[in-house]
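Residues per chain, in single letters:
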Amino acid sequence: MSRPIFNPQLTPLGDLRHLLGIEGLGRPILEEILSTAETLVDSSNGTTRKVPLLRGKTVANLFFENSTRTRTTFELAAKRLSADVLNINVAASATSKGETLLDTLRNLQAMQCDMFVVRHSASGAAHFIAQHVEPHISVINAGDGQHAHPTQALLDMYAIRKFKGDLSQLKVVIIGDLLHSRVARSQIHALNILGVGELVTVGPKTLLPEHFRELGARVEHNLDPALANADVIITLRLQRERMKSASLPGQDEYFQCYGLTQRRLQLASPDAIVMHPGPTNRGVEIEASVADGPQSIILDQVRCGIAVRMAVMSITMGNVERALHENKQ
Ligand code: CP
């Protein structure tokens, strides 16, 4: 008899305890997150409802790397779940005096935190933290290096379904710097798990290696033909902070070859939606008029992030409590 593969994200009962990445998760877990998110949105006005699901719990936001959207929507999500929230200012914390990451964690555990939301520039940081926390704590990866950004991918799946419906009927095109993008990796896993109809990645050879095929995406280097009949177009930022060598000739040339312009948008389906995880660099990966245009759902993505992050936090915390209750942790 083959042994089940150990997944550090799951409780011994097979439920989601930590959200560290999308890879290796089953479709039912992703569906549960997306359907739970829907229940948290007030259908009359599209806002998320305040609910007591995390009352009495303390969530610590540990952002070792800058963030606008992810940090604030996690904070809003935790507050709408009625949790207490600690935003640790890492630059002003004792890590700047030489305290190790593990010592910082131990101190936060002593303050009786129940959840760590972690962003870090090192791939694997959230996994490392998850291996060292006490059994009642859940760890959510808010982006680690170029490895994974699972809640971004989940909110993108939620937004795609909201605006375009059944994924199996859709052609999704992801454009840009896939090599350095944790968002793209998580999106590719999520799209495949949820059964996307067609998935195409497009970028220069230096930023889109052939091995992306192995993740389950078609790899193209010529943007115009790849856009034909696209239902969903996702543009990505050039992640210069992660480029170790000159991967590009220049931003102007990049925009000429891979920028999403009004002219290129005409090549896709007439009702295609345009997405971007942010931060956007107008005139580099996307024309300003496209980012602000009627087909753009960039700000809707941000809004969807609140409900999806509420769903992830409430599901993981509930699963931790269930596993502890059954004395299986
Ligand atoms: N999409 C995203 O992760 O944006 P932030 O860096 O602003 O959190």
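Residues numbered from 1 in each chain as written. Predicted model: local features only at pLDDT ≥ 70, side-chain atom pairs only at ≥ 80, totals over all residues. Heavy atoms only, no water.

A. How the structure looks around the nonpolar core. I33, V117, I174, L191 and M313 are the most contacted members of the largest nonpolar core, which has 63 residues in total. The element that contributes the greatest number of residues to this core is helix α11 (residues 298-325), accounting for 11 residues. Look past the residues within four positions of I174 in its chain and what remains in contact with it is A184, Q187, I188, L191, L199, V200, T201, V202, I234 and L236. Core analysis: the second largest hydrophobic core is formed by 24 residues, L207, L227, I233 and L265 among them. (Core = buried A, V, L, I, M, F, W, Y, C linked by side-chain atoms within 4.5 Å. Buried < 20%, exposed > 50% of the residue type's maximum accessible area, 1.4 Å probe, protein only. Helix = DSSP H or I, 4+ residues; strand = E, 2+ residues; numbered from the N terminus. Contact = heavy atoms within 4.5 Å.)

B. Inspection of the pairing of strand β8 (residues 232-235) at higher detail. The alternating pattern of β8 places V232 and I234 and I233 and T235 on opposite faces, both of which are buried. For strand β5 (residues 171-175) and β8, the ladder comprises 4 bridges, and the chain directions are parallel. Each bridged residue has a counterpart across the sheet, and for I174 the counterpart in β8 is I234. (Pairing = 2+ DSSP bridges.)

C. Spatial organisation of the sheet that holds strand β4 (residues 138-144). Pairing in this open sheet of 4 strands is parallel, and the strands run β2-β1-β3-β4 from one edge to the other. Looking at which strands have only one partner, the edges of the open sheet turn out to be β2 (84-88) and β4. Across the sheet, the mean angle from the axis of one strand to that of its neighbour is 15°, orientation sign disregarded. Taken together, the 5 bridges between strand β1 (residues 58-63) and strand β3 (residues 115-120) define a ladder with parallel strand orientation. Note that in β3 the partner of F63 across the bridge is R119. Of the strands in this sheet, β1, β2 and β3 are in contact with helix α3 (residues 101-110), which crosses β3 at around 155°. (Axes fitted to C-alpha atoms, helices over the stretch in contact; angles between N-to-C directions.)

D. Molecular detail of the domain arrangement of the protein. Taken domain by domain, the protein consists of domain 1 (27-149 + 305-328) and domain 2 (150-302). A straight line from the C-alpha centre of domain 1 to that of domain 2 covers 26 Å. Each partner contributes to the interface: domain 1 provides 28 residues, whereas domain 2 provides 26 residues. Both sides together, the interface formed by domain 1 and domain 2 hides about 2,200 Å², and carbon and sulfur atoms give 60% of it. When the buried area of domain 1 at its contact with domain 2 is split by residue, R69, Q146 and H149 rank highest and sum to 33% of it. Taken together, the links from domain 1 to domain 2 amount to 2 salt bridges. The partner of E31 in a salt bridge is R161, and the shortest N-O contact between them spans 2.9 Å. (Domains from an automatic or database assignment. Buried area = accessible area lost by both parts, 1.4 Å probe. Salt bridge = Lys/Arg side-chain N within 4 Å of Asp/Glu carboxyl O.)

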